Amino acid sequence: MLGPQNAQDFIRALKASSDPPHVGGPSKIDIAREAWENNHLYVPNKAEAIVEWLLTRLLKDRARDRQSNPLCDIRYWDLLAKILTSEKHGDHGRALRAWLVPLLNRVPIAPVILSYLELVASEGSLDVAQYVTVSQCITALWPLAVPKFNPDTLLECFGAAVHLVEAHGVQQPSDCDSQPLNESRALSLIVLSYRASLANAGSKRKQLYTLFLQKYLKSWLEVATRSWEGQTVRSSLEADVYDAGVETMFGLELLKPAADQKHDSALVEALERTMQASHEIVLRPLPRLFASYVQTVKRHKSALFGQGSSQVPGQIADQVQAAAMVFYANLSTLTRAGGDDDFWRCRVSLLDVVEKENLFNPKDDEARALLRQDGDIAVETLNIAHDETHTFRTDSAVQVLTLLTRIDYDLMSTSAAVLFPRLVAIPSVISSTLQYLKLLLEYESKTRNLPASIMHVSEAFSVPHLQRIPGGPRAAYEAASAGPLTSLAFLDELSRAVHSFLTPGQVLETIGDITRTLKDAHAHFLDREAKLSADRGEGPRKKRKKDTSLSEDRTEPEYHAVSFALIARTMVVVLRSLPLHTLTDDVRLEAEKAIMDVHSAVACRTLRDGFLQADCKDSWHWQIMITGSLRLHLGLTSMPGFLQQSHLEQPVLSAMLASISAPSVSQELVVELFRTLLHQCSIDALRPQEVLDALLSHLASHLPTASTTWSGKAHVLSTGAEAAIALLHVLADRWLPHFDAWSTPEQRERLARILTNISLSENVTGSTSTLTISSIFTRLLHDAQFWELLNVRDAFVAQLIQQTASLDKYEVPKLLSRKGARRLPDDVLRFVSVYDILLRVPPEYLPRAMHVDFLKRGFVADILVHKACTGGKQSAISVHHLLIIREFLRRTIAYLGSVENVVTKEFLEYLIAHAPTEDLASSSGADRDVSSVTMELIDMYQGTLVRSAKRGSIGVLADLVNRYSTIDGAESSVIARRASLLLIDSLVREGAATDFPEELVNMLRALYTRLLALSAPSVAKPELRLNVDVLDTWSHVQSLRRWLKEESQDMPTIGRPLAQQLLSWKGNKQEVGALAPVVLAVMLGEMQAATPAQRREELEYMVIVYLAFTRLCGRQDMKLLDTKLGTACRSLSADGFSTVLDLIYDGLSWQGGLSAKDVASLIRLSTIVLHDAPEGTSRVCQAFATKSLNMFADDEHFVTDLGLRSEVVEFLVRQCNDRPASLRTADLSSLWSLLRSLLADSSVHEPSTDATVFHGIVNVLSALVRLRRDLVLNTLPHLGFILRRLVSCLRSLRPQLGGKQSRMVLDTLPRWIAPSQPLSAQESKALARLLTTLTTKTMIRTHSAAAETQKPESLVRPFSKHAAYVLTAYVEAVNDPLCFVSSAIRKEVQPGLFALCDMLGEHNRDAMMVSALDAGGKVTMKALWKEYEKQRYVGKG
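Just so it is clear, the structure is predicted and the values come from calculations on it, not from any experiment. (Residues numbered from 1 in each chain as written. Predicted model: local features only at pLDDT ≥ 70, side-chain atom pairs only at ≥ 80, totals over all residues. Heavy atoms only, no water.)

Caption draft 1: Local environment of the overall build of the chain. On a plain count of helices and strands, the chain comes out with 68 helices and four strands. Buried residues in the chain amount to 53% of all 1437 residues. For the chain, the share of sequence-separated contacts (at least 6 apart) that also reach a separation of at least 24 residues comes to 77%. (Helix = DSSP H or I, 4+ residues; strand = E, 2+ residues; numbered from the N terminus. Buried < 20%, exposed > 50% of the residue type's maximum accessible area, 1.4 Å probe, protein only. Contact = heavy atoms within 4.5 Å.)

Caption draft 2: Structural view of the environment of arginine 284. Its location among the elements puts arginine 284 in the loop between helix H15 (279-283) and helix H16 (286-299). Separated by 61 residues in the primary sequence, arginine 284 and arginine 345 place their C-alpha atoms 8.3 Å from one another. There is a polar contact of 2.7 Å between the side chain of arginine 284 and the side chain of glutamate 280. (Polar contact = N/O pair within 3.5 Å; in protein donor to acceptor, adjacent residues only side chain to side chain.)

Caption draft 3: Inspection of the packing of helix H41 (residues 828-839) against helix H43 (residues 879-896) at higher detail. It is the contact of H41 with H43, at a shortest axis distance of 9 Å, that shows an interaxial angle of 45°. One element, H41, and the other, H43, form an angle in the oblique class. Crossing hand, H41 versus H43: left-handed. Along the contact surface, H41 presents Leu829, Val832, Tyr835, Asp836, Leu838 and Leu839, while H43 presents His881, Ile884, Ile885, Glu887, Phe888 and Arg891. A per-class count over the contact of H41 with H43 returns eight nonpolar, one polar and three charged. (Axes fitted to C-alpha atoms, helices over the stretch in contact; angles between N-to-C directions. Parallel < 35°, antiparallel > 145°, perpendicular 65-115°, else oblique. Left-handed = near helix turned anticlockwise from the far one by under 90°. Nonpolar A, V, L, I, M, F, W, Y, C, P; charged D, E, K, R; others polar.)

Caption draft 4: Representation of the packing of helix H22 (residues 416-423) against helix H24 (residues 450-460). The contact between H22 and H24 brings their axes to 8 Å, and the two run at 50°. With respect to H24, the element H22 is oriented oblique. H22 and H24 meet at a crossing whose hand is right-handed. Here Ala416, Ala417, Phe420 and Pro421 of H22 come into contact with H24, specifically with His456, Val457 and Ala460. Considered class by class, the residues forming the contact of H22 with H24 number six nonpolar, one polar and no charged.

Caption draft 5: Highlighting the layout of surface pockets. The calculated volume of the second largest pocket comes to roughly 1,500 Å³. The wall of the second largest pocket is formed by 42 residues, among which Leu488, Leu491, Arg631, Glu672 and Arg675 lie closest to the centre. The set of elements that each furnish at least two residues to the lining of the second largest pocket consists of helix H23 (432-446), helix H27 (488-501), helix H29 (557-576), helix H31 (620-637), helix H33 (667-682) and helix H35 (720-742). The element that contributes the greatest number of residues to the lining of the second largest pocket is H35, accounting for six residues. A breakdown of the residues in the lining of the second largest pocket according to their chemical character gives 16 nonpolar, 16 polar and ten charged. (1 Å grid on protein atoms, 1.4 Å probe; cavity = no way out; pocket = protein on both sides within 12 Å on 5 of 7 lines; lining within 4 Å. Points joined across faces, edges and corners; volume = space filled by probe spheres on them.)

Caption draft 6: Here's a closer look at H22. For H22, a buried count of six out of eight residues is recorded, marking the element as mostly surrounded by other parts of the structure. Of all the positions in H22, only Ala416, Leu419, Phe420, Pro421, Arg422 and Leu423 are classed as buried. As for H22, its buried residues are in contact with helix H20 (365-381), helix H21 (391-407), H23, H24 and helix H25 (463-466).

Caption draft 7: Molecular detail of empty space enclosed by the protein. Enumeration according to the criterion identifies ten cavities of 30 Å³ or more in this entry. Volume-wise, the largest cavity comes out at about 70 Å³. As for the largest cavity, its lining consists of Thr405, Tyr409, Met412, Ser413, Ser415, Ala416, Leu419, Phe420, Tyr436, Leu440, Glu444 and Ser453. Broken down by secondary-structure element, the contributors of at least two residues to the lining of the largest cavity are H22 and H23. Together, Arg66, Leu71, Cys72, Tyr116, Leu119, Val120, Glu123, Leu126, Asp127, Gln130 and Tyr131 line the second largest cavity. Looking at the lining of the second largest cavity, the elements that each hand over two or more residues are helix H6 (110-122) and helix H7 (128-145). Of all the elements, H6 adds the most residues to the lining of the second largest cavity, at three residues. Here the lining of the second largest cavity is composed, by residue class, of seven nonpolar, one polar and three charged.

Caption draft 8: Structural context of the environment of glycine 610. Of note, glycine 610 is situated in helix H30 (residues 585-612). On a C-alpha basis, the gap between glycine 610 and alanine 655 in space is 9.6 Å, while along the polypeptide they are 45 residues apart.

Caption draft 9: Structural context of the confidence of the model for the chain. Per-residue confidence for the chain gives a mean pLDDT of 83, with 89% of residues at or over 70. This model gives residues 171-179 a pLDDT under 50, and the stretch forms eleven contacts once residues within four places in sequence are excluded. Across residues 541-553, confidence stays below pLDDT 50; counting only partners more than four residues off in sequence or on other chains, it has seven contacts. (pLDDT = per-residue confidence, 0-100.)

Caption draft 10: Spotlight on unusual backbone geometry. The backbone phi angle of asparagine 45 is positive, close to 50°, even though this residue is not glycine. Secondary-structure assignment places asparagine 45 in the loop between helix H2 (28-37) and helix H3 (46-60). With a relative accessible area of 28%, asparagine 45 lands in the partly exposed category. Although it is not a glycine, asparagine 358 sits at a positive phi angle of roughly 55°. Assignment of secondary structure puts asparagine 358 in the loop between helix H19 (341-356) and H20.

Structural data, given as structure tokens:
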């Protein structure tokens, strides 16, 4: 049936009582859509009539079920959207606003929008297409209708929007369902309208606040949580929703009770009701809510608290703090309602807000009591710190204490006596404990209260506190030894604090307290041990007093032993760190006497009792006592001035030496015994040979496997293997020079045998902080000290020679002539282990003859290992072992250089014929590594043969070429074909064909013919495939053709099709990286074979393809691309090379339309092209460099963009170092301008520091000073300015600066220095080298004839007038009150400063002191000059 044919029928159809109007006819929505789309149907005000019907229908039927509800029918919304977004709105062209506003006044749309949003929020999934259409309608209607909405209606719409965001909000950036919510403006309009209405609500704000808490708080909290946690980019919609909620709850009218330190309880009650359903919804956004409240109060502080004449300065700040802490108190009631992880996380975050916003006022007693309650709860929680099942709770409790300490140290200072004992057994995985202890030491150091902290530490190890740790005394010892109070990090901090901040008046007090504590712990142990012996009937029994009212001590002596050992471990650190140098002579003598007294009364007596009394050392508690006493003895006797007390009695030493091999002695005690005995040997109290024999015997009998690890903590030593790791670590780290001096040749041979038996090839998975026998040995091999010890080194090398001597009985030709795998020697793995060690040996420490011997034996070992791999009889031999041998061969041949008389023809043929096959492959890719190393070996030897052939010796090379000429396309000849390609590279690299004998050239022509026959059919196919081997062979065929100067025989042009295929490649990235260099090589070959008319087009295409490939390749593949390109550039003509530079320069300009990444790639390309420029192009290179420098200096993009900046700096470094003679005076202006831009002040800073910029600038200046001093002489003020800026970059921000202070400092630093990551000592060392270069005499590098007659000179005299300004920059940096220069940086930069002082002279120094420095600067300069005077050579010897 046709629709209405006139306006009357149309209006009558829409107003009909039934839908459809006629039975069997179209529905009303179809009639309306058809009428709108029918331009021939005239209806007055057609758009208005249809929109009015649509809105009326949506309004009246919004409550129907889903099947008949027009809100769920996209046809209604689609037609409405078409009309509202159409340019035609009626027959008279009436404006949309003219008829739509009166219509919206008649038909309210708020109920329609509200019903739709609630309907969508209640559904499980979001109909994206429908929602987008509805959003278009709301976006068009909302601005026109919203002026008539009251605040209550807007709150309902806002609540519906919140429900929708809660149901379908932004959860993941890739979530396609939630993307329309983020992109649509409809919900944002609703939220913004509500916020605008809220600002003008006046007296209705309280009502809106109440409705919001009752209906929408839960959903709003959920949205607040989502928009804050786990979001790298916050949604603007969710941010607006959060801000609207904050404005609802924290409006100015609602905050006015805060002026009286009161807060409406409705919010807290609503949060409590919500927590009953789910506490997680409330606790997660609660810290953010608290921070928003604080920011709102601070924003309205003047309106809330007034600024009358009676106000005392600073009173408003106090009132803000008080109001915030009242709200914090209300929120704290919520966090204390539970004790699981969510509650603790929230508690920590709330306190973090208090600390960051500085909300605590020390004068506020209520706030102090509130925060102390939080601290008391945290301290109480630490009662279960030893239980690892509550790790998160313990960590949170420590974080609470840390924050309270930062807020105000006095809050928890009274709890130190209770707190330290509870920190004893905290698991080591909780790193926050060390931060907390460091903070405590900092405060105690500032307040000069370190003696109290020291005693708190010692008291923490008392017996009553240790007894609270479940599991008995042994468990208590292990827990406390692994705890933070005995960790090296804490003990280092304690030692540093004691040495730096303990006052002279506190030294004797501290010694007395420690002495008393140690003596009491020792006496309690002896007393309890005596009572226990008496009870067993082994000692005198004392009569008991019957009238005593005290309970008898029934504590086990083990607890007293543990207490003494732990106290001794910590207190010996304090005693060793005492600042005795600050004391007067008489006080220092008194202090030393007290320390000697505790040493003799405690340590020496315990050692005598433990070792000389029968059966004492066999009990565990006596071993713990002895261990603690040994640590105490060793720590005290290592102090300067205590040598007279160092010698132990001879019977004790004999008993100690005898106890090492006793089976009942713990491994921890064994290690301590060896440490003490070695120290006694160093002071001539004991003959070292006996101790070394015992040490070597212990290592040999307990040498661990690679799987044995040690954490570095003595208390965990439980087996002899772990003790052996500890002993080897002690020997390598401390006693190896003494071993070299003390040991006999037999002992050195035993040590060498032990070391060479360690396997380095076995990988151990574990933490990087754990020690293994192989890691210790590897570090030892990398230690220069080990190789400087001649006796140990000779014994070690002799052992390596001895263990490979059996390889000399084999001859390579005979070994290769054997068929199959006959009986192999049993010690193949031992050979591999030796060569694994040799891989880590610095080659400079071995003579050339020894290198040659190991190399010859390596050939035999390679063949034996390969036979073992392919024979399958020794499963322990793998491809990895073959890789070890061949990597050693490759490294040694590369180090020796010429190997013509070492590598034999038979071994080369063996390498080519016995390439690693697929059956040797492993999951780790070792087969690819072996193949790569093998090809490098072949390439090295073939390069040697090519150089010999230039001298006329072509015998071996001729045989090799003849062999390559017979290869076929079989899989077995892949290695031979690759080797032939490497031979071609060597020939092209070494010279032209005319440099070689004609006979050899004719053989190479036959090889060219063979390779052409192998590759031409594959590349000539219509369906060309991207095959690496085929294309690599084809590119080398092109290269060999040009080298032989053969005529082109209509060779196919495949470069462009290959590039197009690769750029559209759908494979993995590794395949693209392997193919890109090969395809580029093919294109370069075709470019060089092109006619001069075609060459420019080929060069343009080559540059474009290079840019495209840089987007696809990784760093390693880029190196291959650069190598191919550099090789091709060297063979370009002068015109072709100039064309390439012109193309690059045209692309560098921003007007070229390239992206920053492509421009960076072009700069990289220009660096490569200039480095590999052909002969006769120096003027072209010079002109290009000048133009490029001018462009870089004129455009700030080259400095501000990270990728561009790194390439520009590399360009400068390469240009100044590789081509210094090409620099001209005109280039200096651009160069100085560019360096100034790189070091210019910036208000914007990158997230991480780019130290390569600093090193690049230093390298550029160093090259100019060394190589182009003639140019620098005319611009010395510029050099001085850049040096001042470099010195200024060494500053670091002082911690805990305010925002304004931090900004003042950051605005004086370059943009590439991040505030949180200052420059390190490596940068200061580089700057020091640059400054010392100013004093070095060098020769200028120029192309002029005068360069041959010049004398070496330096910049000492010319720069002496500018040295004062650089030194002034250093003094200003050191004395800046907002910055600091670390001691490591000051130490490393000192040599450069001394060079400047040497230039300056005393006269200029005095002038600088008077005119340029203030009082603080003069002090710093005097200290620097004093250090300079100490090291200055004055000609007296």
